[in-house]
Amino acid sequence: MTYQNLLLEMHGKVALITLNRPQALNALSPELTAELSALLDALEADDSVAAVVITGSEKAFAAGADIKAMKDWSYMDVYKSDFITASWERLTTFRKPSIAAVAGYALGGGCELAMMCDFIIAADTAKFGQPEITIGTIPGAGGTQRLTRFIGKSKAMDMVLTGRMMDAQEAERCGLVSRLVPADRLIEEALAAAEKISQMSAPIAMMAKDAVNRAFETTLAEGIHFERRLFHSTFATEDQKEGMAAFVEKRKPSFRNR
Ligand SMILES: CC(C)(O)CC(=O)SCCNC(=O)CCNC(=O)[C@H](O)C(C)(C)COP(=O)(O)OP(=O)(O)OC[C@H]1O[C@@H](n2cnc3c(N)ncnc32)[C@H](O)[C@@H]1OP(=O)(O)O
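What counts and what doesn't
Residues numbered from 1 in each chain as written. Predicted model: local features only at pLDDT ≥ 70, side-chain atom pairs only at ≥ 80, totals over all residues. Heavy atoms only, no water. Pairing = 2+ DSSP bridges. Helix = DSSP H or I, 4+ residues; strand = E, 2+ residues; numbered from the N terminus. Axes fitted to C-alpha atoms, helices over the stretch in contact; angles between N-to-C directions. Polar contact = N/O pair within 3.5 Å; in protein donor to acceptor, adjacent residues only side chain to side chain. Near = heavy atom within 4 Å. Areas by Shrake-Rupley, 256 points an atom, 1.4 Å probe, with all protein chains shown as cover. Nonpolar A, V, L, I, M, F, W, Y, C, P; charged D, E, K, R; others polar. Parallel < 35°, antiparallel > 145°, perpendicular 65-115°, else oblique. Contact = heavy atoms within 4.5 Å. Patch = residues over 30% accessible without salt bridge, like charges linked within 9 Å, V, L, I, M, F, W, Y side chains within 5 Å. Salt bridge = Lys/Arg side-chain N within 4 Å of Asp/Glu carboxyl O. Buried < 20%, exposed > 50% of the residue type's maximum accessible area, 1.4 Å probe, protein only.

## Considering the sheet that holds strand β1 (residues 6-11)
As a general point, the strands of a sheet are linked pairwise by backbone hydrogen bonds and lie either parallel or antiparallel.
Line of reasoning, step 1. Taken together, six strands build an open sheet; the order of strands is β1-β2-β3-β5-β7-β10 and the sheet is mixed. Since the sheet does not close on itself, it has two edges, and those belong to β1 and β10 (179-181), each with one partner. Adjacent strand axes in the sheet meet at a mean angle of 20°, parallel and antiparallel pairs treated alike.

Laid out in structure tokens, this is it:
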């Protein structure tokens, strides 16, 4: 498949996806999100891919949904097509580890897309926001829910009601991003993190990701029960045997993803 709005580069077992609509600050058009969804399907099915990094340009990770495309849509258009469509949410069902590497603007759907990744590494130039209210709408790709879980009610209300932007330092302080790096090291750092993850057992990484994600969805008791059962099931894998044997034998483990 050829992609008009995305670039794909392989770095060993890590797929680097670059959103590529520079003329519109990577605004997330229906075509772009459909391409991203199709590409994630292909990467999920490809056993040679262990992790994914999604990035944009120096100026913008993504400036949100494509306002020019959606400005004249009617209620029936968005309701019947169920916009935000499944293609936007494909990242939330992607089972391999995903990292958003954010420089510049991550606004509206751009911020929402970054929050759908497993974690966010931000350049010191990054700016996050949910400015939908300034154009007469509200976040529609999970912003009110995910941002609130990341940064708490008070700050989420501030962001969503004023539409203000948060700089990278504030985003790190309040837990929206996991790491802050100089802009010229963003891709290197994100690829290094993904490469480190790709050395782990792939099924164990999936279980770890499933367990952390469950914390978003359930009570503490249910989440701990879920974690415990997954933890137990790691003992049914060859990779748990290999990992612990390697520790005892003072060598590097050689995981076989079994
Ligand atoms: C997903 C949902 C449901 O949650 C909804 C949304 O995401 S709604 C969209 C939320 N995002 C925004 O409201 C941000 C819109 N953009 C801006 O405020 C500004 O572009 C900026 C602050 C990010 C950057 O400003 P500046 O440097 O002055 O650049 P511009 O001249 O404004 O932009 C350059 C070029 O890109 C086009 N552009 C920017 N953002 C979008 C967008 N979201 N959709 C479509 N096009 C966008 C902008 O129109 C410019 O193009 P030209 O008009 O010059 O052709």
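## A closer look at the side chain of Glu189
Line of reasoning, step 1. Tracing the backbone shows Glu189 in helix α9 (residues 186-198).
Line of reasoning, step 2. Here the side chain of Glu189 touches Arg185 through a polar contact of 2.4 Å, side chain to side chain.

## Quick notes on the site of the ligand
Line of reasoning, step 1. The immediate surroundings of the ligand are formed by 24 residues, with Lys59, Ala65, Gly109, Glu112 and Glu132 found nearest.
Line of reasoning, step 2. Within the side chain of Lys59, a nitrogen or oxygen atom sits 2.7 Å from an oxygen atom of the ligand.
Line of reasoning, step 3. With respect to the ligand, the side chain of Glu112 contributes an N or O atom lying 2.8 Å from an oxygen atom.
Line of reasoning, step 4. Summarising the interface, the protein chains cover 67% of the accessible area of the ligand, which totals 1,000 Å² for the free molecule.
Line of reasoning, step 5. At the level of elements, α2 (67-70), β6 (105-107) and α5 (109-116) are the ones that each hand at least two residues to the shell around the ligand.
Line of reasoning, step 6. In terms of residue count, α2 provides more of the shell around the ligand than any other element does, three residues in total.
Line of reasoning, step 7. Here the residues of the shell around the ligand sort into 14 nonpolar, five polar and five charged.

## Side note on the packing of helix α4 (residues 86-93) against α5
A pair of packed helices is captured by two measures, namely the crossing angle of their axes and the spacing between those axes.
Line of reasoning, step 1. Between α4 and α5, the least distance of the axes is 8 Å, while the angle of their chain directions is 30°. With respect to α5, the element α4 is oriented roughly parallel. Between α4 and α5, the residues in contact are Trp88, Glu89, Leu91 and Thr92 and Gly109, Leu113 and Met116, respectively.
Line of reasoning, step 2. A per-class count over the contact of α4 with α5 returns four nonpolar, two polar and one charged.

## Considerations on a nonpolar patch on the surface
Line of reasoning, step 1. A grouping of Tyr75, Met76 and Tyr79 is seen on the molecular surface, where their side chains present a nonpolar patch of about 390 Å² in accessible area.
Line of reasoning, step 2. Topologically, Tyr75 is positioned in helix α3 (residues 75-80).
Line of reasoning, step 3. Residue Tyr75 is classed as exposed on the basis of its relative accessible area of 56%.

## Focus: unusual backbone geometry
Line of reasoning, step 1. In this chain, Phe83 is followed by Ile84 through a cis amide linkage whose omega measures 10°.
Line of reasoning, step 2. Inspection of the secondary structure puts Ile84 in the loop between α3 and α4.
Line of reasoning, step 3. The residue Asn26 is not glycine, and still its phi comes out positive at about 60°.
Line of reasoning, step 4. Take Asn26: it is sitting in the loop between β2 (14-19) and α1 (30-45).
Line of reasoning, step 5. Overall, the relative accessible area of 1% leaves Asn26 in the buried class.
Line of reasoning, step 6. One non-glycine residue, Lys250, lies in positive phi territory at about 55°.
Line of reasoning, step 7. Along the chain, Lys250 falls in the segment after α12 (238-248).

By themselves, these figures tell us nothing about what the structure is for.
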